[in-house]
Amino acid sequence: MQQDIFTKDTSEPCRTRDNNIKLVEMDVVRRYKETHDNWDSFGELVAFQLNDTHPTIGVAELMRLLMDENGLGWTKSWELTTKVFSFTNHTVLPEALEKWPVTLVEKLLPRHMQIIYDINWRFIQTLRNKYGDDYKRIGKMSIIEELADGQKFIRMAYMALVASHTVNGVAAIHSDIIKKEVKRQGPRTFKEFYDLWPEKFQNKTNGVTQRRWLAFCNPGLRKLISDKLGNEEWITDLEMLQDLVPHADDKEFQEKWWDVKQQNKVHLAGAPPLPPFGDLCQPAKCLMVKSVRETTRLQEVGPSGLQSVLNRHNVS
């Protein structure tokens, strides 16, 4: 079993993000091959969204799968890889711009490190063809960062930028920031990459898909809103919900809204309890959990940890 390159103690084997990404990509490739005799449609039918830099090792993993396990050459593998990856950046703060020590990746994922070196070498040739021997610019944009003391790091955001067909921020102002040079000391932006590939950069504003998370998942609230507005056109035109504002202080409407919420909580409370927590969700009070990414995280928190969260929010 591979070691988790995110843990401090690399002597302890554990489940890895890399392994999770590997399994997903292996399954995608397997399913594609079941219905296709060639790779011509792979780039049109497959899409991997890099949500910040955490899953960027998937770029090297897909290259490995295509070359080592499916016999494709570098050129074809890179063509397919750059067709299926896109990159969303949520912030230019360090936590979203991971740097992985080269020595660690060489030890734990040596084949991936070889591929990353190859990706970077070819990218540097692209830079030299455009900018000549401008080594200051090349050094700033290289996927491999080399420090004065000899340490080397993989700039995962830069690998995502190089491998992705599109790059986006999550709001218009943020998508604009990542394209501009910051004149003060602070977060790095992607200005050099925007200068090189302006066509890659776009904006995708975060938001709620009301058709899925309201109209489909919450039929009670859907009916209440539609009855009050007199139509269901709001499902495809969210701005129509502004027509509810005049009813915000309507006591009868407030009571109906509250009834819908309570009915949903009763429905949730009747669902099978989630181990190891047991029946913690009562009809009257229920804690909404925004995101629990892995079952292992639930196990790490444990019942006592979750109960402390409930206590802080006065949920019995």
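Residues numbered from 1 in each chain as written. Predicted model: local features only at pLDDT ≥ 70, side-chain atom pairs only at ≥ 80, totals over all residues. Heavy atoms only, no water.

### Observations concerning the overall build of the protein chain
Quick reminder of the rule: Strands are runs of DSSP state E lasting at least two residues, helices are runs of H or I lasting at least four, and both sets are numbered from the N terminus onward. Categorising residues by exposure relies on relative accessible area from a 1.4 Å probe, with only protein chains included: less than 20% of the type maximum marks a residue as buried, more than 50% marks it as exposed, and the intermediate range marks it as partly exposed. Should any heavy atoms of two residues lie within 4.5 Å, those residues are counted as being in contact. To be clear on the numbers: accessible area is Shrake-Rupley with a 1.4 Å probe, and residue cover counts the displayed protein chains and nothing else.
Looking only at helices and strands, one finds 14 helices and seven strands in the protein chain. Here the protein chain holds 316 residues, and the buried ones make up 38% of them. For the protein chain, contacts bridging at least 24 residues in sequence account for 63% of all contacts bridging at least 6. Accessible area for the protein chain stands at about 19200 Å²; split by element, carbon and sulfur atoms hold 53% of it.

### Examining the confidence of the model for the protein chain
Selection criterion: Values of pLDDT, which run from 0 to 100, indicate the predictor's confidence residue by residue.
Mean pLDDT for the protein chain: 82, with 77% of residues reaching 70 or above. Within the model, the stretch residues 1-17 combines pLDDT values under 50 with 29 contacts to residues more than four positions away or in other chains. Predicted confidence is poor over residues 290-303, with pLDDT under 50, and the contacts of this stretch with residues over four places away or in other chains come to ten contacts.

### Here we look at the sheet that holds strand β4 (residues 144-146)
Threshold: Note: two strands are recorded as paired if DSSP finds a minimum of 2 bridges between them. Fitted lines through C-alpha atoms serve as axes, helices being fitted only where they are in contact, and the angles separating the N-to-C directions of these axes extend from 0 to 180 degrees.
An order of β3-β5-β4 is seen for the three strands of this open sheet, with the pairing classed as antiparallel. Strands with a single pairing partner mark the edges of an open sheet, and in this sheet they are β3 (99-101) and β4. Adjacent strand axes in the sheet meet at a mean angle of 35°, parallel and antiparallel pairs treated alike. Bridging between β4 and strand β5 (residues 152-155) involves three bridges; their strand directions are antiparallel. When the sheet's bridge partners are listed, Glu145 is paired in β5 with Phe153. Contacting β4 and β5, helix α6 (residues 110-131) crosses the sheet at an angle of about 85° to β4.

### Some words on the nonpolar core
Here is the rule we go by: For our purposes a nonpolar core is just a set of buried Ala, Val, Leu, Ile, Met, Phe, Trp, Tyr and Cys residues, chained together by side-chain atoms within 4.5 Å.
The biggest cluster of nonpolar side chains holds 58 residues, and the ones touching the most others in it are Phe42, Ile116, Ile154, Phe190 and Phe193. Contacts of Phe42, omitting those with residues within four sequence positions, involve Val29, Tyr32, Leu62, Leu80 and Val84. Within the second largest apolar cluster, twelve residues are counted, among which are Leu214, Trp234, Leu244 and Val260.

### Points about the pattern of salt bridges
The criterion, for reference: Just to be clear on terms, a salt bridge is a Lys or Arg side-chain nitrogen sitting within 4 Å of an Asp or Glu carboxyl oxygen.
All chains considered together, the criterion is met by 19 salt bridges. For Glu69, the salt bridge goes to Arg64, with nearest N and O atoms at 2.8 Å. Since its relative accessible area comes to 44%, Glu69 is described here as partly exposed. The partner of Asp134 in a salt bridge is Arg137, and the shortest N-O contact between them spans 3.6 Å.

### A closer look at the packing of helix α3 (residues 57-69) against helix α4 (residues 74-84)
The geometry of a pair of packed helices is captured by two quantities: the angle between their axes and the separation between those axes. The test is simple: Under this scheme an angle from 65 to 115 degrees is roughly perpendicular, one under 35 degrees roughly parallel, and one over 145 degrees roughly antiparallel; angles in between are oblique. When the near helix sits turned anticlockwise from the far one by under a right angle, the crossing is termed left-handed; a clockwise turn instead gives a right-handed crossing.
Across the interface, α3 lies against α4 with an axial gap of 9 Å and an inter-helix angle of 140°. In terms of orientation, α3 lies oblique with respect to α4. Note that α3 runs across α4; the crossing there is right-handed. Taking contact as the criterion, the partners of Val59, Leu62, Met63, Leu66 and Met67 in α3 are, on α4, Trp74, Ser77, Trp78, Leu80, Thr81 and Val84.

### A short note on the side chain of Asn218
As for its position among the elements, Asn218 is in the loop between α11 (210-216) and α12 (219-229). Non-local contacts of Asn218, meaning those with residues more than four positions away in its chain, are made with Val260 and Asn264.

### What about helix α8 (residues 156-163)?
Of all eight residues in α8, eight are buried; the element is thus mostly enclosed. Turning to α8, its buried residues are Met156, Ala157, Tyr158, Met159, Ala160, Leu161, Val162 and Ala163.

### Looking at the pairing of β5
As defined by bridge partners, β3 adjoins β5 across three bridges and the pair is classed as antiparallel. Looking at the pairing, Trp100 lines up with Ile154 of β5. With antiparallel pairing between neighbouring strands as the criterion, β4 and β5 make up a hairpin whose turn holds five residues, including Gly150 at a positive phi of roughly 95°.

### Focus on unusual backbone geometry
Excluding glycine, most residues fall at negative phi; most peptide bonds, likewise, are trans. Backbone geometry places Asp52, a non-glycine residue, at a positive phi of 65°. Asp52 gets classed as buried once you look at its relative accessible area, which sits at 10%.

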